[in-house]
Amino acid sequence: MPETKRIIQVAVPRPLHSVYDYHLEQEAPTPAVGARLRVPFGRSEVIGICVSTAVQTPHANTKAVLEVLDDDAAIAEELLDLAQWMSGYYHYPLGEVLATVLPSAARKGSVFEIKPEPPPDVWHLINAEGISPRAKTQKAVVEHLQHTGQPQSGEALASAGFNRPMLRKLEDLGVVERKALETDATLAEPLPPTEEQRQAIDQVTDSKRFEVFLLEGVTGSGKTEVYLQSMAPVLAAGKQVLVLVPEIALTPQTLARFENRFGGTGMIHSALTDQQRLQTWLKCRAGDIRILIGTRSAVFTPFKELGLIIVDEEHDSSYKQQEGLRYSARDLTVKRAQNLNVPLLLGSATPSLESFYNVQRGRYRHLTLSERAGGAVMPTYHTVDLRGQSLRGGFSDTLIRVIRAHLAKEGQVLVYLNRRGFAPTLLCKSCGWQSVCPDCDAKLTLHRQPEQLICHHCNLRFALPDVCENCGEGDLLPLGIGTQRAEEALAELFPGVTLYRIDRDTTRTNRQLNEQLERIQQGKPCIMVGTQMLAKGHHFPAVTLVAVVNADAGFLSPDFRAPERTAQLIVQVAGRAGRAQRPGEVWIQSYQPQNPLLQRLIDQGYTGFAHAELTSRIDAGLPPAQPMAMLRAEAFEPVMARDFLQQCKAHLDHASQEISTQEASVELLGPIPAPMARLAKRARFQLIIMATTRPLLHRVLAKLGQPKTHANLRWSIDVDPYDAM
Ligand code: ADP
Ligand code: ZN
Ligand code: ZN
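These lines cover the structure that appears in this document, whether it is placed above or below. All chains use their own residue numbering, which begins from 1 and follows the written sequence. Going through the entries in the order they are written, you letter the chains from A and number the ligands from 1. Local features in this predicted model are restricted to residues whose pLDDT is 70 or higher, and side-chain atom pairs enter the listing and the counts only when it is 80 or higher, whereas totals over whole chains, interfaces and linings include all residues. Processing note: side-chain calculations cover all non-hydrogen atoms of the structure and skip hydrogens and water entirely.

1. Section: the overall build of the chain
Only DSSP runs of H or I with at least four residues qualify as helices, and only runs of E with at least two residues qualify as strands; both kinds are numbered from the N terminus onward. Across its full length, the chain holds 20 helices and 31 strands. Only C-alpha atoms enter the radius of gyration, while the globule expectation follows 2.2 Å times N to the 0.38, with N the number of residues. Taken against the 2.2 N^0.38 rule, which gives 27 Å for 725 residues, the C-alpha radius of gyration of the chain at 29 Å falls within 12% of a compact globule. Each of the three principal axes of the chain carries a C-alpha extent, and together these read 85 × 80 × 55 Å. Every residue pair with non-hydrogen atoms within 4.5 Å of one another is taken to be in contact. Counting contacts in the chain only where the partners sit at least 6 residues apart, residues at least 24 apart contribute 74% of the total.

2. Some details on the sheet that holds strand β28 (residues 628-635)
Only strands joined by at least two bridges in the DSSP assignment are considered to pair. Sheet architecture is open: 4 strands sit in the order β29-β30-β28-β31, paired in antiparallel fashion. In the strand order of this sheet, the two ends are held by β29 (666-679) and β31 (714-719), each with one partner. Each neighbouring strand pair of the sheet contributes to a mean axis angle of 20 degrees, computed without reference to strand direction. Pairing geometry for β28 and strand β30 (residues 682-691), over 8 bridges, is antiparallel. The residue bridging Ala 635 from the neighbouring strand is Ala 683, located in β30. In this analysis an axis means a line fitted to C-alpha atoms, helices contributing only their contacting stretch, and an angle means the value between N-to-C directions, from 0 to 180 degrees.

3. Things to note about the site of ligand 1
Proximity is defined per residue: if any heavy atom of the residue lies within 4 Å of a molecule or strand, that residue is considered near it. With respect to spatial proximity, 18 residues lie near ligand 1, and among them Pro 192, Gln 197, Gly 220, Gly 222 and Lys 223 are the closest. In protein, a polar contact means a hydrogen-donor-capable atom and an acceptor-capable atom, both N or O and within 3.5 Å, with residues adjacent in sequence counting only if both atoms are side-chain atoms; elsewhere, any N or O pair within 3.5 Å suffices. Contact between ligand 1 and Pro 192: a nitrogen atom at 2.9 Å from a main-chain N or O atom of the residue. Arg 257 has a polar side-chain atom sitting 3.2 Å from an oxygen atom of ligand 1. Protein chains bury 78% of the 560 Å² of accessible surface belonging to ligand 1 in isolation. Residue contributions to the shell around ligand 1 peak at 3 residues, all from helix α8 (residues 223-236). The Shrake-Rupley method, run with a 1.4 Å probe sphere, supplies the accessible areas, and residue values consider only the shown protein chains as cover.

4. Some thoughts on the coordination of the zinc ion (ligand 2)
Water is not among the atoms examined, so metal sites may look incomplete; donors are the N, O and S atoms within 2.8 Å of the metal, or within 3.2 Å for Na, K and Ca. Binding of the zinc ion (ligand 2) to the protein goes through Cys 428 (SG), Cys 431 (SG), Cys 468 (SG) and Cys 471 (SG), at separations of 2.2 to 2.3 Å. Of note is the zinc ion (ligand 2), whose 4 donor atoms meet at the metal with angles of 107 to 113 degrees in an arrangement that counts as tetrahedral. One chain supplies every donor for the zinc ion (ligand 2), spaced along it as C-x2-C-x36-C-x2-C. Per-residue accessibility, obtained with a 1.4 Å probe over protein chains only, is compared with the maximum for each type, and a residue is labelled buried under 20%, exposed over 50%, and partly exposed between these values. For Cys 428, a relative accessible area of 2% gives the class buried. Between 85 and 135 degrees for all angles marks four donors as tetrahedral; over 155 degrees for opposite donors together with 65 to 115 for all other angles marks four donors as square planar and six as octahedral; every other arrangement is irregular.

5. A closer look at the environment of Ala 76
For Ala 76, the location among the structural elements is in the loop between β6 (67-68) and α1 (77-89). By relative accessible area, Ala 76 is classed as partly exposed at 35%. In this structure, the C-alpha to C-alpha distance between Ala 76 and Pro 302, residues 226 residues apart in sequence, is 7.4 Å.

6. Describing the pattern of salt bridges
Throughout this description, the term salt bridge denotes a Lys or Arg side-chain nitrogen within 4 Å of a carboxyl oxygen of Asp or Glu. Across all of its chains, the model carries 32 salt bridges by this definition. Between Asp 723 and Arg 565 there is a salt bridge, with its nearest N and O atoms 3.6 Å apart. One end of the pair, Asp 723, is in the segment after β31; the other, Arg 565, is in helix α17 (residues 562-574), and 158 residues separate them in sequence. By relative accessible area, which is 24% here, Arg 565 ends up partly exposed. The structure contains a network of salt bridges with shared partners spanning Lys 320, Arg 326, Arg 632 and Asp 718.

7. Remarks on the pairing of strand β23 (residues 476-479)
Of the two faces of β23, the one holding Leu 476 and Pro 478 is buried and the one holding Leu 477 and Leu 479 is not buried anywhere. Pairing of strand β19 (residues 425-428) with β23 involves 4 bridges; the strand directions are antiparallel. From the neighbouring strand, Cys 428 faces β23, where its bridge partner is Leu 476.

8. Description of the coordination of the zinc ion (ligand 3)
Within the first shell, the zinc ion (ligand 3) binds the protein through Cys 437 (SG), Cys 440 (SG), Cys 455 (SG) and Cys 458 (SG), at distances of 2.2 to 2.3 Å. Geometry at the zinc ion (ligand 3) is tetrahedral, judged from its 4 donor atoms and the angles of 106 to 115 degrees they form at the metal. Taken in chain order, the donor set of the zinc ion (ligand 3) reads C-x2-C-x14-C-x2-C. Here Cys 458 lies in the loop between β21 (452-454) and β22 (461-462) and Cys 437 lies in the loop between β19 and β20 (445-447), a separation of 21 residues in the sequence.

9. Considering unusual backbone geometry
The omega torsion across Gln 449 and Pro 450 is -5 degrees, close enough to zero to call that bond cis. Of note, Asn 341 is a non-glycine position whose phi angle comes to about 55 degrees, a positive value. Here Asn 341 is to be found in the loop between α11 (329-340) and β15 (343-348). In the Ramachandran plot, Asn 459 falls in the positive-phi region, its phi being about 70 degrees despite a non-glycine side chain. Taking relative accessible area as the criterion, Asn 459 reaches 47% and is therefore assigned partly exposed.

Okay, here's the thing in structure tokens:
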């Protein structure tokens, strides 16, 4: 009797349409919208989300829901709305969007149950009289605790010979008690804010509804203090705060400042297990966690009552997911803050041009911290012309002299390089052959210890050839400078000086990185050489010199975002210099010191640079002035990828002619080979889609529908691509 069936709509985590009709068995209760359901799909079973219970048009042969997993919504209406919006905006199937939004344990059907915290393992003596009179060991524990005069951890007591079963016995007798140390007394006091900090804090705290603030604060200006003091009244009102950071592991000090000010925080990062992540998610939902600090995916956390969202280093590329559902967590915070009607604070020393554009258009309010806090001054910039100079391990005589001078004055030196390994390539002196990856359009990087050639793109590794593979003669020359080579050169140039190399090869784990950072923070003179890991957010009070070994590559790249990215990187790494009492210097080596982009950055600072760059983007009709999307395709057969995009183009071209008007038009560029035209044996092509308005872009993309594809072809839509080339 199909007419009596109750039909509901279920989003399943599968590509293609992803929303399907199912019916409920007679006796089954109607699930809540947002509840998880087990449903048959194809030959298997999947867990989907009920997205609608008001479906009127029964299919003749719907399948039955097998099980309803939640009494209430697993995903709150607000997040379901966000997912629906994302599905439209990123042109991605709703079921798969939901699979990204939910923590994976929830997706796999875990029961939603907050596990009680284990009691803290700190033992307090509360009633020495409570022991059994003849129990010698009990007496010994009490005497020990009386003797130490303060609560002891279970670890410390165990090493004193008192094991936990013994302690638990005393707990039952009411002699000792397990509880956390009283931390409130030790919470850090807020710093008296500077005038600029005061103004920024006031504006954010006065705003009780949706509003976006862009806090542009030079490096070391005390943005974190603005975050902390903007949060305080929100927390005092019993509301929660979400703080997004680019990478948890890279900024232990910043995290410690949140903990020290407010006590506990919840954290979401990649090192959590699925169950830990689910617990944090549930506690935020229940309101048990007041401050959540997390990376990109934390933007999808449900909250009981969110009062403020903060995005630190809002320009950072790690907020953009580069595979699957290619969302921007920064952009999604805007949507979420709007849906929840709460203020959003975006902070950076080097804001994205997107955010500047929004300030220009009156959408965001601009807050500035133009000076460093605590009396520190901004570093001065100097360039070294590399033309005609003989270099030692990449270092000019001038730079060597400057480094020596800073070390002599007990300063720390930070040397920045954008390449790990020993040398970016190996060159044959006789015929000019270079070591290239057989599977990628990329050179192989020479590494030492152990000596090998590595492709940084597909990770293939090769033994070093004895002779040139092309001409069979000897004399292979390592060309260019990587961090290993710089480290080697610095060790020779500055014998006896402590050297730290910080890149992905030396610091594989967070612990290794933290150990190195802690040693550096002790402030003894040293040289640290590293990649952009060194540029991010660290507070190195003793660094007086930052040296950029070569600034040229970034400004020469054809990607229209390259100047913005390069300027951000230089300013961020330069911002590690002179953050305390002693002023800092930044020295930049370049073969084109007169490059107008570099000159503008030095003369006008990041703000001037960014505004000029924004003007030229607007003039050229590029993002953020005009929206962009990119279709990417890759296949072992180049023609397959290219033909696919060609077909998409024809289709989109046709669609856009129908919906374009005189004022609003669409432009299709490509297909062209991607900048890295081959990666891991696959040929890669791209098609750029530009439109004069965002609604038009979305209407055109929607016309793409489900293009015919092939099992060996991978393709994706990227709305607001970050790597536009
Ligand atoms: P940013 O995040 O803007 O780079 P930080 O928040 O790390 O800057 O602050 C840089 C330094 O200035 C820190 O050591 C911080 O404790 C200090 N600082 C911040 N605000 C103040 C203030 N109002 N008074 C004194 N010192 C401050
Ligand atoms: Zn050769
Ligand atoms: Zn490769």
